[in-house]
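# A look at the structure
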Amino acid sequence: FNSEGKGDSNAIVSTIVDREDETYTTETHNQTMNDGNEPSDGLDIRFSHVHLYVDRVCDLSAYKEFEDSLNLFQENYDEMTAGERIDEDEQRGISLDVDVGRQIWQSITEHNMDDNKSVAEEFASHGRDIVKQLIAGFGFRVTGCHVTSHTSTVVVTSKDANGIQIVVSAMKSDDENSDVEEANAAVEDNDYHHFAPSNIARFYHAHSNRQGIAVLAFEVGHQCLEGIFLRYSEHHPELVPKEFKNGPVEYGDEARVFEVFAYYSGERGTSLADEGTMLRFIEPITGAANTCKLPGIAPVDASFSRCHPAFFDHWVSNVISRTGFLDTLKDTLYFTPKVDFNAGVVAAGEAQIESTVTGNTASLNAEDGSSALSDQSQIYLPINNALTEVGHVHGFLEEIGQGVQHIASRVDNIISFVQEANDRRKIFGEGFTFLNIPRSYYGVLTKEMLRKGIDNIKDPSGNKSDDVLSLECAHAILNICTAEGVLLDDSSVDLDISGSTIQTILDSKISLEHKEEYLQNREEIVVIILHSRYVNMYNLLKNHLSEQSYVAIVRNQILVDVQTDDLLFQIFTSNILQRKPQDESPFFEFIQRVCSQCVGPDGCPKKIKPGCGGFGIRNFLTLFLSIEVTKAMLAASNAKRDGKMKEYEFAKRKVQLFTDQLNESNPLLTEISEAMTKEGAARDNITLSYKEGRIEDAKVWEEVTEKEASAKSLANDLLMECNMKYQRLMRELRESQEDIQ
């Protein structure tokens, strides 16, 4: 990590502007820095919607019937569990009783054997209707639609009128096998180009005949659209489709629309447009009333129950030329890089990628967390490219081509959001699963932890007088925990076990040799064992969360990161829009940004800028590793099912190597994150000290800055060594498997 934007190209550079103007920033992409051409007032732009092209969209009546069943379920559930309907905000903080919920859902859907069957069977993420997944999994509803002779479209949203909007379109069954030429020749029975079957056919043709997130749509301010058209026409005419060569298309009193291809098929200047993913810009006409600004969408009544508000945060692309896309966005939208994750650090085994987050600089400063949650004026577009011919990003590009990897949205309470999503899936047999995060990310029980205790585990002095237990007693307790099932196979503590149960087991199994020492420290031993479930999280967040919240984070596999005094919670769904289990495809991310209540020199709270908490410095590598772990676990499961034991053993060894890399990287990432936090705070104090004329204080803080920068650099070097080690080990494993075959 290099928060100065200097040093070698193998450093991660990852800090984001999220406080007052005097905050030190790291916009470090050398080739695409703002050269001063951006207008002083910026571009009036905000998130609008994403548009998915899928294999099938059901009739609106089918979705509304499904929503009605879910709303009836909620009414019956509330009556059975609480006697009366409680306030929705209070309700959203409570997990569902899955057993009771299943009984109620079965009674509602007993006439529908398909629904009952889906609950009984093991949940599979592939082959699903994304609209039903969103309705059941997150409590979203269909709030708009448009139907033509050839296509069906619905709009799925969260409860908040300004929140996430997902447009889903499909060809009708008679047109599903139409190729591009047939679709172009189809007689359109409406004037809305964005609902034409030719768009879906073109995307499928360019996207290896796969479903996907086809359009990223932005709303722009009055008189902005013409400038965007002129800049694309001047700098990137190859990206302008023939339908828009003459400018934006106006749809009566609804809106003006301009669309372009998002990426070049290769490097800029030497390749044509990639005719898959599109960028759409919408300029609403004054007086347009619809929540969804896409012209032609008819509003649909919807009744929400137990639904979290959700708002777009960032949209991520996998591309061939990262710098080419960065340049295009700079030329046309004045976007500039905010964060770089550079070569050599983001690695999982042999797989390596680079990533840059680009975007605008929104002028809005939120007064409170609620405003920061709902603001859609700050655009962030992370862009990934592969550096090696293995791994998820390379596989995505090879299998389906360039496109949107995932859509990230903010929620107000991620622990409650994810817990409910998991409960809903178990009850309804519909919804989403989430990426597998090894328990070692959160914490495992070790002899050293038992011996030294919670507070002394990081003490480098090795002063045995501070130890809780002797090494021999710690070893004996660890063996009992392993033998009696307190510990799982990965040395993590069972999340459902209680302190009293642990104590009962140890009381009955401890040997006479260690009994006196054990009884003297019994209470603390039980606390240590329970604490180990989330020890890595606790080292980051200390007492800012309750034990209940920590356990919920672990249970629901939520990732946690810290930047200065801000927190970032993240979780990633399993793949969506999959036809087969191992197909490369997009996914969703949900985050919660917890912005610190900083106070300025005048004693008043500082305003919160969008993006507080950054982009998961600590979690970026964890995500990359977890994707590979999940794929390897699926391969192992399939090989075992098919009796292919050599493939099973190979996949198991891959899982172990990825997990080992995560375990070894985790403390280094924590050290880097902590050093960056301290360095950032020291820089703020330097600025403040100079402003107030406290020169000596400023010099002290400069020494702190140098110390933390040095610690960060050392940990960064160790992380690079770790990644190189596992790159070698994974290559050796792959080559040994090739020799066997």
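Source: prediction; values computed, not measured.

## Observations regarding the sheet that holds strand 7 (residues 255–261)
The mixed open sheet is built from nine strands, whose spatial order is 6-7-8-5-1-4-3-2-9. This sheet does not close on itself; its edge strands, each paired only once, are strand 6 (249–251) and strand 9 (298–299). The pairing of strand 1 (residues 45–53) with strand 4 (residues 165–171) spans four bridges and is classified as parallel. Residue Val50 lies in a different strand from strand 4, and its bridge partner there is Ile166. Packing of helix 7 (residues 197–206) onto the sheet brings it into contact with strand 1, strand 3 (151–157), strand 4, strand 5 (212–220), strand 7 and strand 8 (278–284), and relative to strand 4 it is tilted by some 90°.

## Focus: the packing of helix 14 (residues 471–483) against helix 15 (residues 499–509)
Between helix 14 and helix 15, the least distance of the axes is 10 Å, while the angle of their chain directions is 115°. In terms of crossing hand, the pair formed by helix 14 and helix 15 is right-handed. Between helix 14 and helix 15, the contacting residues are Ile477, Ile480 and Cys481 on the first element and Ile505, Leu506 and Lys509 on the second. Split by residue class, the contact of helix 14 with helix 15 holds five nonpolar, no polar and one charged.

## Quick notes on helix 7
Where burial is concerned, most of helix 7 is hidden: eight out of the 10 residues are buried. Along helix 7, the residues classified as buried are Pro197, Ser198, Asn199, Ile200, Ala201, Arg202, Phe203 and Tyr204. In the segment just after helix 7, Ser208 is the residue with positive phi, at about 55°.

## Brief notes about the nonpolar core
Grouped together as the largest cluster of nonpolar side chains are 150 residues, with contacts concentrated most on Ile130, Phe218, Phe258 and Phe281. Per-element accounting of this core gives the leading share, eight residues, to helix 21 (residues 645–691). Sequence-distant contacts of Phe281, that is, excluding residues within four places in its chain, are made with Ile45, Phe218, Val220, Leu225, Ile228, Tyr232, Arg256, Val257, Phe258, Val260 and Leu333. With 26 residues, the next largest nonpolar core counts Leu445, Val468, Leu469 and Ile529 among its residues.

## A short note on the pairing of strand 1
Counting buried residues in strand 1 gives eight out of nine residues, a clear majority hidden from the surface. Pairing analysis gives eight bridges linking strand 1 to strand 5, with the strands arranged antiparallel. Within strand 5, the residue paired with His51 across the bridge is Val215.

## Things to note about the pattern of salt bridges
In the structure shown here, the tally under the stated rule is 28 salt bridges. Where Glu420 meets Arg306, a salt bridge forms, and the shortest distance between an N and an O atom there is 3.6 Å. Here Arg306 lies in the loop between strand 9 and strand 10 (310–318) and Glu420 lies in helix 12 (residues 414–428), a separation of 114 residues in the sequence. Arg306 matches Glu420 in its accessibility class, with the two residues each being buried. Note that Arg555 and Asp496 form a salt bridge whose closest N and O atoms lie 3.0 Å from each other. Of this pair, Arg555 sits in helix 19 (residues 547–555) while Asp496 is found in the loop between helix 14 and helix 15, placing the two residues 59 residues apart along the sequence. By relative accessible area, which is 61% here, Asp496 ends up exposed.

## Concerning the packing of aromatic side chains
Tallied over the full model, the rule gives 31 aromatic pairs. With 4.7 Å between their ring centres and 0° between their planes, Tyr534 and Tyr550 make a pair best called stacked. Of the two residues, Tyr534 sits in the loop between helix 17 (522–531) and helix 18 (535–541) while Tyr550 sits in helix 19, which places them 16 residues apart along the sequence. No difference in accessibility class separates Tyr534 from Tyr550, as the two residues are buried. Each ring, one from Phe572 and one from Phe587, has its centre 6.1 Å from the other, and the planes form 75°; the classification is edge-to-face. Linking Phe572 in strand 17 (residues 566–572) with Phe587 in strand 18 (residues 587–594), this pair joins segments that are 15 residues apart in sequence. An identical accessibility class is assigned to Phe572 and Phe587; each is buried.

## Examining the packing of helix 1 (residues 60–82) against helix 3 (residues 98–109)
Between helix 1 and helix 3, whose axes approach to 10 Å, the crossing angle comes to 135°. Taken together, helix 1 and helix 3 sit at an angle that is classed as oblique. Handedness of the helix 1/helix 3 crossing: right-handed. Two secondary-structure elements touch here, helix 1 through Phe66, Ser69, Leu70, Leu72, Phe73, Asn76, Tyr77, Met80 and Thr81 and helix 3 through Val100, Gly101, Ile104, Trp105 and Ile108. Of the residues assigned to the contact of helix 1 with helix 3, the class counts are 10 nonpolar, four polar and no charged.

## Points about unusual backbone geometry
Of note, Tyr334 is a non-glycine position whose phi angle comes to about 65°, a positive value. Here Tyr334 lies in the loop between helix 9 (322–333) and strand 11 (336–341). Despite not being glycine, Leu577 shows a phi value in the positive range, around 60°. Structurally, Leu577 is set in the loop between strand 17 and strand 18.

The rules we used
- Residues numbered from 1 in each chain as written.
- Predicted model: local features only at pLDDT ≥ 70, side-chain atom pairs only at ≥ 80, totals over all residues.
- Heavy atoms only, no water.
- Pairing = 2+ DSSP bridges.
- Helix = DSSP H or I, 4+ residues; strand = E, 2+ residues; numbered from the N terminus.
- Contact = heavy atoms within 4.5 Å.
- Axes fitted to C-alpha atoms, helices over the stretch in contact; angles between N-to-C directions.
- Left-handed = near helix turned anticlockwise from the far one by under 90°.
- Nonpolar A, V, L, I, M, F, W, Y, C, P; charged D, E, K, R; others polar.
- Buried < 20%, exposed > 50% of the residue type's maximum accessible area, 1.4 Å probe, protein only.
- Core = buried A, V, L, I, M, F, W, Y, C linked by side-chain atoms within 4.5 Å.
- Salt bridge = Lys/Arg side-chain N within 4 Å of Asp/Glu carboxyl O.
- Phe/Tyr/Trp six-rings, centres within 6.5 Å; stacked < 30°, edge-to-face > 60°.
- Parallel < 35°, antiparallel > 145°, perpendicular 65-115°, else oblique.

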